[in-house]
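Listed below, chain by chain, are the residues.
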Amino acid sequence: MKKSNLAVTAAVTGLVALGGTLLTAAPVLAAEKEKCYGVAKAGKNDCATKTSSCAGTAKADNQKDAFVVVPKGLCGKLAGGSTSSS
């Protein structure tokens, strides 16, 4: 096998191995996050609200139905933060 083919094979094998690790870690990382309602600044929310369908569309600061994703446990420490949109 030529050196260039060996290098390509090694690179592809490394990427496949890394991809498997990243796919396994993704659910763990998602489990360590939570939606925090009532703390997003206007236009800085992470996803849809009850009145809009896109991220970045909160009309006002601290809109009760707009959320940002934060590390689990942080939301309760933020003034006005809630893990529910009500």
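Attention in this report is confined to the structure presented alongside it. (Residues numbered from 1 in each chain as written. Predicted model: local features only at pLDDT ≥ 70, side-chain atom pairs only at ≥ 80, totals over all residues. Heavy atoms only, no water.)

**A look at the overall build of the protein**
At step 1: When you go through the protein residue by residue, the secondary structure sums to one helix and two strands.
At step 2: Starting at the N terminus and walking to the C terminus, you meet the elements of the protein as α-β-β.
At step 3: The 86 residues of the protein split such that 20% are buried.
At step 4: Within the protein, contacts between residues separated by at least 24 positions form 53% of all contacts whose residues are at least 6 apart in sequence.
At step 5: Element-wise, carbon and sulfur atoms account for 65% of the exposed surface of the protein, whose accessible area totals about 6,000 Å². (Helix = DSSP H or I, 4+ residues; strand = E, 2+ residues; numbered from the N terminus. Buried < 20%, exposed > 50% of the residue type's maximum accessible area, 1.4 Å probe, protein only. Contact = heavy atoms within 4.5 Å. Areas by Shrake-Rupley, 256 points an atom, 1.4 Å probe, with all protein chains shown as cover.)

**Looking at the pattern of salt bridges**
At step 1: Inspection of the entire model under this criterion finds one salt bridge.
At step 2: Salt-bridge contacts for Lys41 lead to Asp61; the nearest nitrogen and oxygen are separated by 4.0 Å. With Lys41 in the loop between strand 1 (33-37) and strand 2 (67-71) and Asp61 in the loop between strand 1 and strand 2, this residue pair connects regions lying 20 residues apart in the sequence.
At step 3: According to the relative accessible area criterion, Lys41 is partly exposed, its value standing at 47%. (Salt bridge = Lys/Arg side-chain N within 4 Å of Asp/Glu carboxyl O.)

**Some words on the environment of Ala48**
At step 1: Here Ala48 shows up in the loop between strand 1 and strand 2.
At step 2: When its relative accessible area of 29% is taken as the criterion, Ala48 is described as partly exposed.
At step 3: Along the primary structure Ala48 and Ala58 are separated by 10 residues, whereas in three dimensions their C-alpha atoms are 8.6 Å apart.

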